[in-house]
Amino acid sequence: MEEELKCPVCGSLFREPIILPCSHNVCLPCARTIAVQTPENESLDSECAAGGGVDHADKLSLHSETDSGYGSYTPSLKSPNGVRVLPLVPAPPGATASQRGAGPAGSSLTCPQCHRSASLDQRGLRGFQRNRLLEAIVQRYQQGRAAAAAAKCQLCDRSPPEPAAVLCEQCDVLYCAACQLRCHPARGPFAKHRLVPPPGAPGPPGGGDGGGKGAGGGRKLPTCAEHDLENYSMYCVSCRSPVCYQCLEDGRHGKHEVKALGAVWKQHKAQLSQALNGVSDKAKEAKEFLVQLKNLLQQIQENGLDYEACLVAQCDALVDALTRQKAKLLTKVTKEREHKLKVVWDQINHCTLKLRQSTGLMEYCLEVIKENDPSGFLQISDALIKRVQVSQEQWVKGALEPKVSAEFDLTLDSEPLLQAIHQLDFIQMKLAWFTFDPSSAHRDIVLSNDNQTATCSSYDDRVVLGTAAFSKGVHYWELHVDRYDNHPDPAFGIARINVVKDMMLGKDDKAWAMYVDNNRSWFMHCNSHTNRTEGGVSKGATVGVLLDLNKHSLTFYINGQQQGPPAFENIEGVFMPALSLNRNVQVTLHTGLEVPQCVKQPKLPSN
């Protein structure tokens with residue numbers, strides 16, 4: 001919120017802020033330095049006729065906009081921030097303090113933010129309204145910051161002591177972070193002590209004792225700038241300023257629309273609150289979006305590492321001629337990952353900037369709403385409402401959607417002929433042809449039939465993976481049970497490349513499987529057994545595995561009939577076909593199969 005409380009000219013917190021006709025604010029001392037005086041012996045008409053010193057069109061624009069208080073004339077000599085700064089003119093002898101700050105009549109003042117010029121009347125700078133609401137918020141902000149800075153640790157050996165981080169309500173002692181860990185651990189007799197922020201530390205927006213009544217309960221009601229003895233009681237809609245009864249009797253607002261000050265105050269306060277609700281919702285969505293983007297970064301990192309691991313495993317399984325091509329393929333994966341990470345980081349930084357701006361505006365508006373000064377509030381409410389609406393409009397449709405996905409559209413085809421090795425590249429296979437991978441299989445696995453038939457030399461379950469890795473698309477393969485003795489429990493499914501290979505598939509968190517005996521089956525992941533379904537396997541049976549990475553699901557079939565419901569859902573990443581078995585089972589792998597078009601009704605799980 002501090003940026004909302006800084007003067008655009010000096011860059012410091014506002015001092016005696018005044019409201020320009022364009023609704024922007026500037027310090028009164030700064031306003032004195034940027035006022036530009038028109039020579040007394042020149043008039044707008046004579047300057048326009050002579051055309052000397054200032055562009056003719058600029059002067060016509062200033063002259064034509066005199067009634068509205070605005071002018072488009074901007075001084076030609078500007079400081080680095082676009083505002084002309086002139087040395088202060090000494091006040092005449094005997095001038096009062098108010099006359100010293102009034103500024104010369106016949107001058108103009110250019111807004112340092114929107115560069116619109118406003119003419120000064122005979123009252124000079126005193127003709128601009130004082131922003132009492134902003135002044136009170138700045139004062140409260142300075143007091144809170146000073147109180148927070150004054151709170152020091154009471155146990156520090158350093159000189160000066162570190163700022164206090166917490167206050168123990170039971171011990172009544174201020175601790176810095178280091179002293180809290182050393183002297184007040186959250187265990188033993190200290191475990192039930194209540195630690196709170198130190199006195200004066202800034203709290204959440206809208207909290208604390210600085211609410212509406214407490215902040216303005218003892219403040220004197222503002223009096224009319226034209227009639228010192230009259231309080232503001234009405235609001236002129238045409239002039240957009242509070243007025244007193246004496247102003248109405250003078251006749252200057254006779255044909256203007258005038259409303260009760262309290263009613264307009266409540267109406268504008270409600271409008272600002274309603275607009276803030278929209279920005280608050282967008283800010284909440286932005287925070288959730290940032291969490292989503294950071295999760296996306298993690299997914300990209302994990303998937304990128306999975307791709308690299310699969311790529312290395314496949315390249316190492318090929319002949320020596322693949323070594324030169326392996327480096328190029330790794331470079332492609334790395335470049336793709338870095339590109340995605342860069343896009344997401346750029347989006348995070350952009351979204352964070354917009355969120356910080358919206359949050360600062362929200363905190364400032366909430367402080368404004370706390371005030372009980374109707375006239376002061378109405379001085380700035382229109383501008384704040386517009387700013388909040390503009391802030392809400394910046395969250396356009398699509399602004400809170402990732403520009404990239406975590407998926408890598410890269411699948412290595414490891415089956416081309418040797419003479420095509422130098423053209424090896426990533427493709428997304430529609431029909432996957434693959435075999436069991438002897439290089440990554442457990443040493444007790446026995447492969448034959450060109451690595452398409454597998455059995456085991458041990459009575460314990462051992463794992464073997466396929467040579468393909470999938471991250472997208474729909475893939476289907478089958479395993480034919482050639483031998484089945486003594487009712488073993490083979491497990492069929494998918495796994496990460498780093499799955500544990502000396503126990504049944506699905507017992508760790510790197511595999512998703514269905515294990516089956518001669519009567520029933522179960523699904524298993526992380527050693528969790530679910531969905532017992534009647535129907536088993538025997539010699540001659542066929543087990544089908546359907547991996548649908550478009551829907552992120554895994555489904556199993558036995559002899560063409562779906563076995564239970566979809567086994568696993570919401571699976572993402574890079575997966576390899578996997579199988580675990582012992583010496584009592586032998587299976588043959590069949591790949592390159594079309595996805596089954598006619599799915600029979602699944603068997604229901606047993607209770």
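This is a predicted model, so every value here is computed, not measured.

Caption draft 1: Spatial organisation of unusual backbone geometry. Residue Pro160 follows Ser159 across a cis peptide bond; omega there is 0 degrees. At Glu16, a position not held by glycine, the phi torsion is positive, near 50 degrees. As for its position among the elements, Glu16 is in the segment before strand E1 (17-19). The phi dihedral of His115 falls on the positive side, at around 60 degrees, and the residue is not glycine. Relative to the helices and strands, His115 is located in the loop between strand E4 (107-110) and strand E5 (117-119).

Caption draft 2: Layout of the nonpolar core. Core analysis: the largest hydrophobic core is formed by 95 residues, its most contacted members being Leu109 and Leu505. Top element by residues in this core is helix H9 (residues 261-317). It accounts for 19 residues. If near-sequence neighbours (up to four positions away) are discounted, Leu109 is found in contact with Leu20, Ala31, Ile34, Ala35, Arg116, Ser117, Ala118, Leu120, Leu125 and Phe128. Core analysis: the second largest hydrophobic core is formed by 37 residues, Trp477, Tyr484, Phe492 and Ile494 among them.

Caption draft 3: Examining the sheet that holds strand E15 (residues 462-465) more closely. Spatially, E15-E25-E17-E18-E19-E20 is the arrangement adopted by the 6 strands of the open sheet, whose pairing is antiparallel. Of all the strands in the sheet, just E15 and strand E20 (528-534) have a single pairing partner and so form its edges. Put simply, the sheet's adjacent strands are angled 20 degrees from each other on average, direction ignored. Across 5 bridges, the pairing between strand E17 (residues 491-495) and strand E18 (residues 511-516) is antiparallel.

Caption draft 4: Representation of the side chain of Gln347 in the model. Following the sequence through the fold, Gln347 ends up in helix H10 (residues 323-370). One polar contact links the side chain of Gln347 to the main-chain carbonyl oxygen of Glu401, over a distance of 2.6 Å. In contact with Gln347, not counting residues within four places along its chain, are Phe289, Leu293, Ala399, Glu401, Pro402 and Lys403.

Caption draft 5: Spotlight on the environment of Ser107. Looking at where Ser107 falls in the secondary structure, it is placed in strand E4. Take Ser107: its relative accessible area is 3%, and that puts it in the buried class. Considered as a pair, Ser107 and Ala118 are 11 residues apart in the sequence and their alpha carbons are 8.6 Å apart.

Caption draft 6: Seen up close, the packing of aromatic side chains. Evaluation of the coordinates by the stated rule reveals 8 aromatic pairs. Considering the side-chain rings of Phe434 and Phe470, the 6.1 Å spacing of their centres and the 70 degrees angle between planes classify their relative orientation as edge-to-face. Here Phe434, found in the loop between helix H11 (374-393) and strand E13 (445-448), pairs with Phe470, found in the loop between E15 and strand E16 (474-484); they are 36 residues apart in sequence, far enough to count as distant. Taken individually, Phe434 and Phe470 each receive the classification buried, so the pair is uniform in this respect. Residues Phe523 and Phe568 carry aromatic rings whose centres are separated by 6.2 Å and whose planes lie at 50 degrees to one another, so their mutual orientation is tilted. With Phe523 in strand E19 (residues 520-525) and Phe568 in strand E24 (residues 568-569), the pair connects residues that are 45 residues apart, well separated along the chain. With respect to class, Phe523 is no different from Phe568; both count as buried.

Caption draft 7: Main features of the sheet that holds strand E7 (residues 166-168). Sheet architecture is open: 3 strands sit in the order E8-E7-E9, paired in antiparallel fashion. Sheet topology places strand E8 (173-175) and strand E9 (195-196) at the edges, where each strand pairs with a single neighbour. Note that E7 and E9 share 2 bridges and pair antiparallel. Its bridge partner lying in E9, Leu167 is registered against Val196.

Caption draft 8: H11, seen in detail. Its 20 residues place the ends of H11 27 Å apart at the C-alpha level, agreeing with the 28 Å of an ideal helix rising 1.5 Å per residue. At Ser381, H11 shows its largest bend, some 45 degrees.

Definitions and limits used
- Residues numbered from 1 in each chain as written.
- Predicted model: local features only at pLDDT ≥ 70, side-chain atom pairs only at ≥ 80, totals over all residues.
- Heavy atoms only, no water.
- Helix = DSSP H or I, 4+ residues; strand = E, 2+ residues; numbered from the N terminus.
- Core = buried A, V, L, I, M, F, W, Y, C linked by side-chain atoms within 4.5 Å.
- Buried < 20%, exposed > 50% of the residue type's maximum accessible area, 1.4 Å probe, protein only.
- Contact = heavy atoms within 4.5 Å.
- Pairing = 2+ DSSP bridges.
- Axes fitted to C-alpha atoms, helices over the stretch in contact; angles between N-to-C directions.
- Polar contact = N/O pair within 3.5 Å; in protein donor to acceptor, adjacent residues only side chain to side chain.
- Phe/Tyr/Trp six-rings, centres within 6.5 Å; stacked < 30°, edge-to-face > 60°.
- Expected span 1.5 Å × (residues − 1).
- Bend = angle between axes of the 7 residues up to and from the residue.

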